[in-house]
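# Survey of secondary and tertiary structure
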Amino acid sequence: MISKISLMLLMMTMSFGVMAQSYNTDAQTGVLKGSTYKYRVPLTSGNTYTWTITEGVTNVTSDNAIVSVAVTNGASYSTIEIKWLKAGTYKVNLEEATSHDCKKTQNAFDVIVIEPTAVNFNVTVPAAACANVMNSFVVKVKLEGVTYPYTIEWEMEDDNSDKHVGTLSIDNANETDLAITGFDVSEGSGEVVKQFVITKLIDNHGFEPNVTKSYDVTIYQNPANITIQHN
Amino acid sequence: MKTTIKILMVLALAIVGYGANAQVDKTTAQSGSGNEVLKGSTYKYKANTADVNIKFEWIVKTASDGVVPAGDVVVVGGDTGTASITWKKEGSYKVILREYREYTPLTCDNVGENNFRVDVKVPNLSITNTNPNIVCASDVSTITFDIKPSGGVEQYTFDWEITDDASTKYSGSATTEGTGVDAKYTFDFNTTDATLKDFKVNRGSTVATYTLSITNVKDKYGVSLPNHSIDVVINRNPITSTITHD
């Protein structure tokens, strides 16, 4: 069962994803291999747009597994979506032609694709506390050595076999709080150890380091209910 | 009894015409039928003979042997071997050259006669862009116009003017490269010394239409022809776009 909070976080993340579709002309000198970027120009109705990708003088296509591309011509823009599969120095080229086949080769866009560096996690789970306290707690997550924003997917199962799952968007190098509520721990006299697991890490351009991180959260059980008897 | 010397006239006597402003041999053009001249032009004609004992009479009739109204055609000359004829009204005419020996009365029946037809046309030009296709701005090299006159057989001079997308006016004077119905002129847009080499066509997705004005059109005989304007149509190249990324 997905908790309400988790759903809310998921929706917030989706909203953030839409807002992130801003475009700029910044040079791309450190695109992480495995990332997907969109490149676009304003579209003139009736014109045709031919996108090509070159590495040096060599044409790069999906066929040679260096990129994966999809071109869409909408009402306002001609867009190519490129997933960079191999580190290298590339040019995104565009030839535009009018309905009269008059052509213009637009200035190419330079892209340097690099091998991703390791992502450092800095996750702080709450110190052990009683279950009634830990019913709602905060995990602090910090990522280092990455280009923000990133989204993590996480899961944590309570004693009622309810799997709390969700996503957390991390926009900067600061610690980001993840509030987990409604976390049920059985009563008893001992302690339980639950795993806060980061199952997936993905950045805003689809770069997805293959990592799984697990952090133990120790919770002291509260005494079981007993019935007071009288003589 | 007066002796009449019958002279076998050379009926096949050729007539040579030439322009008033230039000594152009019109033998070929004006010695047959179907010759065209422009209204307002003056041609000189001469009998192509070296016989000095012949006198001539130049007569102009309508093509159907009718009388030409006074003022429609002016013939200057007469008993000499040359005549200057000014064509002042459009129509079809017959130029008749009568020739006789100096001592033979005009009434003699041995008068020789030769004639040819002249069609006088109202001055006009048909100007056509002969580019096979409307080319892209980036590919414009030359644009040729056929200039087909309504009459006359000579070259034409004219002034031209055209304004580009930067509001720069280009102009010049030119002479057709051919004559008569073969007259044409080519505007050069891309050689280094071409007047139009800097002609600016903005980018876009539509066609660009420029008006080429042709004025002061004259043939070699000084006949002015009407001004003309003709569209020069050039396809624009796409505008410059900057690629952006998300």
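In this report, we go over the structure that sits alongside the text. (Residues numbered from 1 in each chain as written. Chains lettered and ligands numbered in written order. Predicted model: local features only at pLDDT ≥ 70, side-chain atom pairs only at ≥ 80, totals over all residues. Heavy atoms only, no water.)

Residues and elements named next belong to chain B. Taken across its six residues, strand 6 (residues 82-87) has five buried, putting it largely inside the fold. The pairing of strand 3 (residues 42-47) with strand 6 spans five bridges and is classified as antiparallel. Considered in strand 6, the bridge of lysine 46 is made with threonine 82. (Buried < 20%, exposed > 50% of the residue type's maximum accessible area, 1.4 Å probe, protein only. Helix = DSSP H or I, 4+ residues; strand = E, 2+ residues; numbered from the N terminus. Pairing = 2+ DSSP bridges.)

Moving on, we get to the packing of aromatic side chains. Residue and element names in this part refer to chain A. This model, assessed by the stated rule, comprises 16 aromatic pairs over all chains. Judged by centre distance (6.5 Å) and plane angle (40 degrees), the rings of tyrosine 37 and tyrosine 39 are tilted. You can call tyrosine 39 buried: its relative accessible area is 0%. Arranged with centres 5.0 Å apart and planes meeting at 35 degrees, the rings of tryptophan 84 and tyrosine 90 form a pair that is tilted. On the basis of relative accessible area, tryptophan 84 is assigned to the buried category, the value being 0%. The rings of Tyr37, Tyr39, Trp84, Tyr90 and Phe109 are connected pair by pair, giving a single aromatic cluster. Over the ring of tyrosine 23 we find arginine 40; its NZ or CZ atom is 3.6 Å from the centre of that ring. In this arrangement the basic side chain of arginine 40 is found over the ring face of tyrosine 77, its NZ or CZ atom lying 3.6 Å from the centre. (Phe/Tyr/Trp six-rings, centres within 6.5 Å; stacked < 30°, edge-to-face > 60°. Lys NZ or Arg CZ within 6 Å of the ring centre and 35° of its normal.)

At the interface, 30 residues of chain A touch 17 residues of chain B. Of the roughly 2,000 Å² buried at the junction of chain A and chain B (both faces included), carbon and sulfur atoms supply 58%. For the pair chain A and chain B, the interface holds zero salt bridges. There are nine residue pairs in polar contact (both at pLDDT 80 or more) connecting chain A and chain B. If you tally residues by element for the side of chain A that touches chain B, the top one is strand 2 (residues 36-42) of chain A, at six residues. Partitioned by chemical class, the residues of the side of chain A that touches chain B number eleven nonpolar, twelve polar and seven charged. Pairing of strand 2 of chain A with strand 17 (residues 244-245) of chain B, which is carried by two bridges, proceeds in the antiparallel orientation. Looking at the pairing, Arg40(A) lines up with Thr244(B) of strand 17 of chain B. (Contact = heavy atoms within 4.5 Å. Buried area = accessible area lost by both parts, 1.4 Å probe. Salt bridge = Lys/Arg side-chain N within 4 Å of Asp/Glu carboxyl O. Polar contact = N/O pair within 3.5 Å; in protein donor to acceptor, adjacent residues only side chain to side chain. Nonpolar A, V, L, I, M, F, W, Y, C, P; charged D, E, K, R; others polar.)

So, about the sheet that holds strand 2 of chain A. Strands sit in the order 5(A)-6(A)-2(A)-17(B) across an open sheet of four strands; the sheet is antiparallel. The strands lining the two open edges of the sheet, one partner per strand, are strand 5 (67-73) of chain A together with strand 17 of chain B. Pairing geometry for strand 5 of chain A and strand 6 (residues 77-84) of chain A, over seven bridges, is antiparallel. Considered in strand 6 of chain A, the bridge of Val69(A) is made with Ile82(A).

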